[in-house]
Amino acid sequence: MKEKDVYILAIESSCDETAAAVVKNGRDVLSNVISSQIALHTLYGGVVPEIASRKHIENINPVIEQALLDAKMELSDVDAIGVTYGPGLVGALLVGVAEAKAIAYAAKKPLVGVHHIEGHVSANYIENKDLEPPFLCLIVSGGHTHIVVVKDYGKYEIIGRTHDDAAGEAYDKVARAIGLGYPGGPKIDKVAKEGNKEALAFPRAVVEGCPYDFSFSGLKSAVLNYLNQAEMKGEEIVQADVAASFQAAVVDVLVDRTMKAAKDLGIKKIALAGGVASNSALREGMKEACERRGYKFYKPSPIFCTDNAAMIGAAAYYEYINGVRDGLDLNAIPNLKIGQRK
Ligand code: KG4
Ligand code: ZN
C-alpha cells in the first residue's frame, strides 16, 4: 500500500533571508519563497542583526502566505511545520521560531525544529532523488566549514572542521580588502573568472595532526600582507589576479581534505552544502577530483545552496518521519551544534 504523502511547511530566518517553502516527502519542492535583505545590508558592508530581525518581522507573514499560495495549499493541508531554530543570529532565529510556534498552535500541527546546517546538507536530497546516506559532505557556509559523514538521515559525524575562519568568512574578508564589498563570495567568484590563479602563490595551510581540518586565517593574512606591501612599493594590484589566486588556494584545500577523508573512510559518494557550495571553482574542482577517483558527486543548484526554506523542509521531513516533535517551549539556539537536539 502506498504510504500517505507528507507535506511540510518550512520556515527559515537564521540570517538575512526570510524564507518559506512547502516540501512533499522531503524531496519535492512545491514552493520556495525567499525574501533577501542583501541590498539593505550592503549599505552597511555586512549583516546588521537588529535590522535583520526587524525585516524578518515585516516579511515573514507575506512570505509564508506566498509559499502556501504557490503550492496551492491551505494551512490545513500541511502535516507539520518545520523551522530553523539554530545556529544563527538569535533575534533573527526568534522571529521564525515564534511564527512557527504560533502557526503550529493555531492550526494544531506538529512542530519540528531543524538545525540550519543539517538543512544545508539536506538540500542535496531535493534534486538528487537517488541520494541516500551514507555519504560524505563538505559543508562550507558563512559560519561553518566542516567535513561530515552523513551516517543516516539526521545522523551526522563531524570529522573535519576549521580552526579559525569559515571559508565564507575568508571570502567575505578578502573581498572587502580588495574593494569588492559585501557579499564577498559571489563577487570574488565572478571577478576571479577574469584573473590568473597562478599569479600569486598564497599558502595552503595544513593543520598538524588533524588531516581533515582547515585553517584560513594564514591565507587571509597572506592576502592582506600582499596588498599592504604592493601598496607600499607602489606596485599595481590586479584585483582579478588576487581574487583568482586566493580562490585557488581555498578550493585546493577544500578539495584536498575532502578527497583524503573519502579515501581513508572508503566513502564513494561526496556532496557539497552551504552558501560557498555555489562557488563555480569549487564545484568544478570537486567534480574533477571525484571523476578522477570514480566517486559520485552531488551538489544542490545555487538557489538551494544559499539560505532557503526548501532545504529546511527536506531536513524536517526526515526528522518528522523519525518521530521528532518539538513543543511550544522550542527556543532559538544561536550556537546549536550539529547533531544536538535542543
Ligand atoms: O549558507 P549561507 O548562505 O549562510 C550561512 O549559513 O552562513 O552562506 C553565506 C556565505 C557567505 O560568506 C557568502 O559570501 C558565501 O556563502 N557565498 C559564496 C558564494 N555565494 C555565497 N562564496 C563563494 N562563492 C560563491 N559563489
Ligand atoms: Zn546558511
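What counts, and where the lines are drawn
- Residues numbered from 1 in each chain as written.
- Chains lettered and ligands numbered in written order.
- Predicted model: local features only at pLDDT ≥ 70, side-chain atom pairs only at ≥ 80, totals over all residues.
- Heavy atoms only, no water.
- Helix = DSSP H or I, 4+ residues; strand = E, 2+ residues; numbered from the N terminus.
- Rg over C-alpha atoms; globule rule 2.2 N^0.38 Å.
- Contact = heavy atoms within 4.5 Å.
- Areas by Shrake-Rupley, 256 points an atom, 1.4 Å probe, with all protein chains shown as cover.
- Lys, Arg positive; Asp, Glu negative; His and termini not counted.
- Charge placed at Lys NZ, Arg CZ, Asp CG, Glu CD.
- Near = heavy atom within 4 Å.
- Polar contact = N/O pair within 3.5 Å; in protein donor to acceptor, adjacent residues only side chain to side chain.
- Nonpolar A, V, L, I, M, F, W, Y, C, P; charged D, E, K, R; others polar.
- Donors = N, O, S within 2.8 Å, 3.2 Å for Na, K, Ca; no water.
- Pairing = 2+ DSSP bridges.
- Axes fitted to C-alpha atoms, helices over the stretch in contact; angles between N-to-C directions.
- Buried < 20%, exposed > 50% of the residue type's maximum accessible area, 1.4 Å probe, protein only.
- Domains from an automatic or database assignment.
- Buried area = accessible area lost by both parts, 1.4 Å probe.

Asks: Tell me about the overall build of the protein, and name the residues and values.
Replies: Across its full length, the protein holds 11 helices and 10 strands. In summary, the protein has a C-alpha radius of gyration of 20 Å against a globular reference of 20 Å for 342 residues, a match within 12%. Expressed along its principal axes, the backbone C-alpha trace of the protein runs to roughly 65 × 45 × 30 Å. Taking contacts inside the protein between residues at least 6 apart in sequence as the whole, the part at least 24 apart equals 72%. By element, 52% of the accessible surface of the protein is carried by carbon and sulfur atoms, the whole surface being about 14,800 Å². Once the 38 positive and 43 negative side-chain charges of the protein are each reduced to a mean point, those two points are 4 Å apart.

Asks: I'd like to hear about the site of ligand 1, residue by residue, with values.
Replies: Surveying the vicinity of ligand 1 reveals 18 residues, the closest of which are H120, G142, D172, D189 and N279. Backbone polar atom of G275 to an oxygen atom of ligand 1: 2.9 Å apart, as the coordinates give it. Here a nitrogen atom of ligand 1 and a side-chain polar atom of N279 are 2.9 Å apart. Within the residue set of the shell around ligand 1, elements represented by two or more residues are α4 (116-127), α5 (167-177) and α6 (184-192). Its residues placed into classes, the shell around ligand 1 shows three nonpolar, 12 polar and three charged.

Asks: Could you give an account of the coordination of the zinc ion (ligand 2), with specific residues and numbers?
Replies: Coordination of the zinc ion (ligand 2) by the protein comes from H116 (NE2), H120 (NE2) and D307 (OD), over a distance range of 2.0 to 2.1 Å. For the zinc ion (ligand 2), the donor residues sit on a single chain with the sequence spacing H-x3-H-x186-D. You can see H116 and its partner H120 sitting in helix α4, four residues apart, about one turn around the helix.

Asks: How would you explain the sheet that holds strand β4 (residues 80-86) if you had to name every residue and give the values?
Replies: Ordered by their spatial adjacency, five strands build an open sheet running β3-β2-β1-β4-β5, and the pairing between neighbours is mixed. Only two strands of the sheet have a single partner each, and these edge strands are β3 (28-36) and β5 (111-115). The average angle at which neighbouring strand axes cross in this sheet is 20°, direction not considered. Sheet analysis places strand β2 (residues 17-24) next to β3, joined by eight bridges and oriented antiparallel.

Asks: Give me the lowdown on unusual backbone geometry, citing residues and values where you can.
Replies: The linkage connecting G86 with the following residue, P87, adopts the cis geometry, with an omega of -10°. The omega torsion across Y182 and P183 is -5°, close enough to zero to call that bond cis. Unlike most non-glycine residues, N25 shows phi in positive territory, near 50°. Tracing the backbone shows N25 in the loop between β2 and β3. Among the residues examined, N25 registers a relative accessible area of 23% and is labelled partly exposed. Even without being a glycine, K72 presents a positive backbone phi close to 55°. Relative to the helices and strands, K72 resides in the loop between α2 (49-70) and β4.

Asks: Any details on the domain arrangement of the protein? Residues and values, ideally.
Replies: Per the domain assignment, the segments of the protein are domain 1 (7-123 + 305-321) and domain 2 (133-300). On a C-alpha basis, the centres of domain 1 and domain 2 stand 27 Å from each other. Summed over both sides, the interface between domain 1 and domain 2 buries roughly 1,500 Å², with carbon and sulfur atoms accounting for 72% of that surface. Per-residue buried area on domain 1 facing domain 2 is highest for I117, V121 and C305; these three make up 40% of the total on that side.

Asks: Quick one: what's the story with the sheet that holds strand β6 (residues 135-140), residue by residue and with numbers?
Replies: Spatially, the five strands line up as an open sheet ordered β8-β7-β6-β9-β10, and their pairing is mixed. Strands with a single pairing partner mark the edges of an open sheet, and in this sheet they are β8 (155-161) and β10 (296-298). Neighbour-to-neighbour, the strand axes of this sheet turn through a mean angle of 25°, independent of strand direction. In terms of strand pairing, β6 meets strand β7 (residues 145-152) through six bridges, oriented antiparallel. Its bridge partner lying in β7, L138 is registered against I147. In this fold α4 packs onto β6, β7, β8, β9 (269-273) and β10, with an angle of close to 125° to the strand it touches most, β6.

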